[in-house]
Amino acid sequence: MIIKDKHSNLPGDQIGMKSERSLSRRIIILVIIASLILLGQSLYNLSKINQVDSSIITMHKTAQHLENLSRQITKPVATVRVLSLQLVLSPNEAIRLENNKLLDLQIKKINSEFDNFEVLLGDNNQLAASYDQYTTLKKAWSLYVNALDKTRYYMNEGMRVAAFVSVTQQERLRYELLQESLKEFAKVLLTVSKNVFDEAQENSENTFFTLIITSFIQILILMLILYFVWRMFSSYINASKAHEVELSFAKDQAEDATRAKSDFLANMSHEIRTPMNAIIGMSHLALQTELDRKQRNYIQKVHRSAESLLGIINDILDFSKIEAGKLDVEHANFRLEDVFDNLANLVGLKAEEKGLELLIDLKSNVPTALIGDSLRLGQIITNLGNNAVKFTESGNIVVTAQLIGNVDDEAVIQFSVKDTGVGMTPEQQDKLFQSFSQADTSTTRKFGGTGLGLAISKNLTELMGGEIWVDSAPGTGSTFYFTARFGVQENQHAVRRSTATELGSLRVLAVDDNPTSREILSSMLANMGMRVDQTGSGETAIALLEEAVEFDPYKLVLMDWKMPGLDGIETARLIQENTALTEIPTVIMVTAYGREEAHEAAAGVNISNFLTKPVTASTMHDSIMRAMGYDVVDQAKGYDRHDDIKSEIAGLAGARLLLVEDNEINQELALELLKNHGIQIILANNGQEALDILENEEFDGVLMDCQMPVMDGYAATRKIRLQEKFANLPVIA
């Protein structure tokens, strides 16, 4: 789609520029092809010049050689004539014999020269015109040799007179004819050679002239190519500028859309968070009042449900931040057990409502005093835990953490959330970790959900230097794994201290029909320095207690409530009524169901404490210490989370704050919370009222709402900062 406004004519301009660029490209291609053809022609002409030059040189050499041969033949022919005369006129027989031998040699030599003539003439087509003259020359030579042979015959027969007549008449005539033929042959050779040379020279001049013209044309073509390249380059520059303008226009529109989206999300966040803040805040205030157990349970669930709804809102906002690339993770000190305690509070309620057991298995090698973003870590684990509860109808959910290595002084911890739910096919797994996506549409209709949780978890995991994946099969449940990297706090207790220092090596019996839960409880107790045995039924537990009474009796029993056969409460009652036990062990009831329900069912049975699953090491430690009659002082945890907060709140007592808030419910909530801690509050309904009050009164700080009528918090804060006297005044939005 082309973006266009009333001030822009970009699309038409762009189409014209594209057409011009296309035409320029075609013309350049045609010009290049023509140039290549002319270049080929030039190379061909150049080769022809070289051939002509070579032909001229060859012809010149051939003519010179033939001329030399003709001179070489003339001399031997004269020698033959002289030897013939000496043969006839010499009276000495020995001289005659010698002359005959010399004649044979000379005749043989001349015949050889004639053979050379024939070879040269046959190899050079340009000298073919002189071949007829060569035939005449050879015929004259043959006639002369015949006359010479007659003279030699007469001499050999002793016919000296006949020989003399032959040599002086017939042979002399043949000799003169031969001399004339030699002269004519040489003359023809020179004429032919000159003609060929002149023709070759003329061809060379023509070819050279053609080459010059072709080169000139090529230069013109090159200039034409450069011109069109310049035109095309200019077109590209203009198109690029137009494209930049278009991109800038589109960018402005996208930024406007992003700002509109951000404003919408901010407004929606404000409108939704305002009543949510009231629900969470008012339920918190209600929990500070005198309530019976049932009322407190109801309000706690309201409070948790509101926080869960707030989590969904936060998911939507987090996803918007991820899309904008503005989501960061912080690096602060935290304890891993606090994250799991919060998980137990948030997910445990949902698991309890569906009759599921939520179990937490924190391996002993995992450091718990870490540096990282505990909020984002809890967000991932809580999301995976909520999904596990959502897709599991029966069984249990196990959350595990274990150390898998150290990288660059950071601990790499692997977390897993295992359920016994519906499971997934490979095709369904491929759709995971994508925005607005769940396993399939039917699952979406049945279980609901925004489809953002796993996509957010994936991004958060990557921000923490890890990865996330799943192992699942239909009908067998799913296990989600993810890794993350954390710094380790120095001079802090990385693992919860052993209770052996307070209780000694206490012997404990863990009773639970769920083998996974039983194993986790036993592991926690063993890590605390206790001697642990375990069993899966009430009947077996009673038998083990009776067997150990004489030698090493059990001091503590962790008893699951609902078990097949004898449940935990009935087993505890039988233990306390068993006369065979000389020492009745302390009993702590562990339940995956409501604490109030367990209290009511255990009426009349001496239960020292109740532990609600999921059990963490911290809640286990505190429950055992209380059950055994010890005061609980959690130095590693309590100091960080409670003592510091209490001391800081106490330091605010008597402070005078200006509260700028337009919502009446939020006003009531903030006033109640702050006054409970001894803080004086003056109320302003909008930013303008706040500025007017600040002109006449002094405050230790300002609590500023962002969105308000008349003047919002941003504008009010900017005006406050413009005044030098308020430069150091704290403003909290």
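Use the structure listed above.
As the structure is a computational prediction, the values presented were derived from the model and not from experiment.

Undergrad: Looking at this structure, how should I read the overall build of the protein chain?
TA: When helices and strands are tallied, the protein chain shows 20 helices and 16 strands. Counting every position in the protein chain, which comprises 733 residues, the buried fraction comes to 42%. A separation of at least 24 residues holds for 73% of the contacts in the protein chain among residues at least 6 apart in sequence. Approximately 39700 Å² of the protein chain is accessible, and the part contributed by carbon and sulfur atoms is 55%.

Undergrad: Help me out: how do you make sense of the side chain of Ser457 in this one?
TA: One can find Ser457 in helix H10 (residues 453-463). Residues within four places of Ser457 in sequence aside, it is in contact with Ile380, Asn383 and Ile468.

Undergrad: Teacher, can you tell me more about helix H20 (residues 713-721) here?
TA: Along an α-helix, a turn takes 3.6 residues, which lines up residues three or four apart on a common side. Listed as buried for H20 are Gly713, Ala716 and Ile720. One face of H20 carries all of its buried residues, which in axial projection span an arc of 65 degrees. Against the buried residues of H20 lie helix H19 (687-696) and strand E15 (701-704). For H20, the N-terminal cap is Asp712; the gap from its side-chain oxygen to the backbone nitrogen of Tyr714 is 3.2 Å.

Undergrad: Explain the environment of Leu566 to me, please; I cannot follow it from the model alone.
TA: Within the secondary structure, Leu566 is located in the loop between strand E10 (556-560) and helix H14 (568-577). When its relative accessible area of 17% is taken as the criterion, Leu566 is described as buried. Considered as a pair, Leu566 and Glu539 are 27 residues apart in the sequence and their alpha carbons are 6.9 Å apart. Leaving out residues up to four positions away in the same chain, Leu566 has contacts with Gly538, Glu539, Ile542, Thr571 and Leu574.

Undergrad: Sorry, what's going on with the sheet that holds E10 here?
TA: Pairing between sheet strands relies on hydrogen bonds along the backbone, with the strands arranged either parallel or antiparallel. Here we have 5 strands laid out as an open sheet, ordered E9-E8-E10-E11-E12, and parallel in their pairing. Across the chains shown, the open sheet's two edge strands, defined by having one partner strand only, are strand E9 (531-535) and strand E12 (609-612). Strand after strand, the sheet turns through a mean of 20 degrees between neighbouring axes, direction not considered. Examined bridge by bridge, strand E11 (residues 586-591) and E12 share 4 bridges and lie parallel to one another. The partner of Thr591 across the bridge, within E12, is Thr612. Contacting E10 and E11, H14 crosses the sheet at an angle of about 150 degrees to E10.

Undergrad: I'm lost on the sheet that holds E15 in this one. Help?
TA: Across the sheet, 4 strands lie side by side as E14-E13-E15-E16; this open sheet has parallel pairing. The sheet terminates laterally at strand E14 (680-684) and strand E16 (731-732), the two strands that pair on one side only. In this sheet, E14 lies alongside strand E13 (residues 656-660) in parallel orientation, the contact comprising 5 bridges. Bridge pairing in E14 links Leu658 to Ile682. The sheet contacts of helix H18 (residues 664-675) involve E13, E14 and E15, and relative to E14 the element is tilted by about 165 degrees.

Undergrad: Mind showing me how you'd approach helix H7 (residues 374-390) here?
TA: Look at H7: 24 Å from first C-alpha to last across 17 residues, which is about the 24 Å you get at 1.5 Å a residue. Of all 17 residues in H7, 13 are buried; the element is thus mostly enclosed. Of the residues flanking the start of H7, the one acting as N-cap is Asp373, its side-chain oxygen 3.2 Å from the backbone nitrogen of Leu375.

Parameters at a glance
- Within every chain, residues take consecutive numbers counted from 1 along the sequence as written.
- Side-chain atom pairs in this predicted model are given and counted only at pLDDT of 80 or more, local residue features only at pLDDT of at least 70, and totals for whole chains, interfaces and linings cover all residues.
- Side-chain metrics in this entry use all non-hydrogen atoms of the structure; hydrogen atoms and water are not considered.
- Helix and strand definitions follow DSSP, with helices as H or I runs of at least four residues and strands as E runs of at least two, each counted in order from the N terminus.
- For the exposure calls, accessible area comes from a 1.4 Å probe over protein chains only, and a residue counts as buried if that area is under 20% of its type's maximum, exposed if over 50%, partly exposed in between.
- Whether two residues touch is decided by their heavy atoms; if any such pair falls within 4.5 Å, the residues are in contact.
- Per-residue accessibility takes into account occlusion by the displayed protein chains alone, with areas from the Shrake-Rupley method and a 1.4 Å probe.
- Directions drawn from the helix axis to the C-beta atoms are what define this arc.
- As used in this structure description, the phrase polar contact means that two N or O atoms lie within 3.5 Å; if the pair is within protein, one of them must be able to donate a hydrogen and the other to accept it, and residues adjacent in sequence are counted only when both atoms belong to side chains.
- What makes two strands pair is DSSP finding at least two bridges between them.
- Angles here are taken between N-to-C directions and fall from 0 to 180 degrees, while the axes themselves are lines fitted to C-alpha atoms, restricted in helices to the stretch in contact.
- Multiplying 1.5 Å by the residue count of a helix minus one yields the expected span of that helix.

Keep in mind these numbers describe shape, not what the thing actually does.
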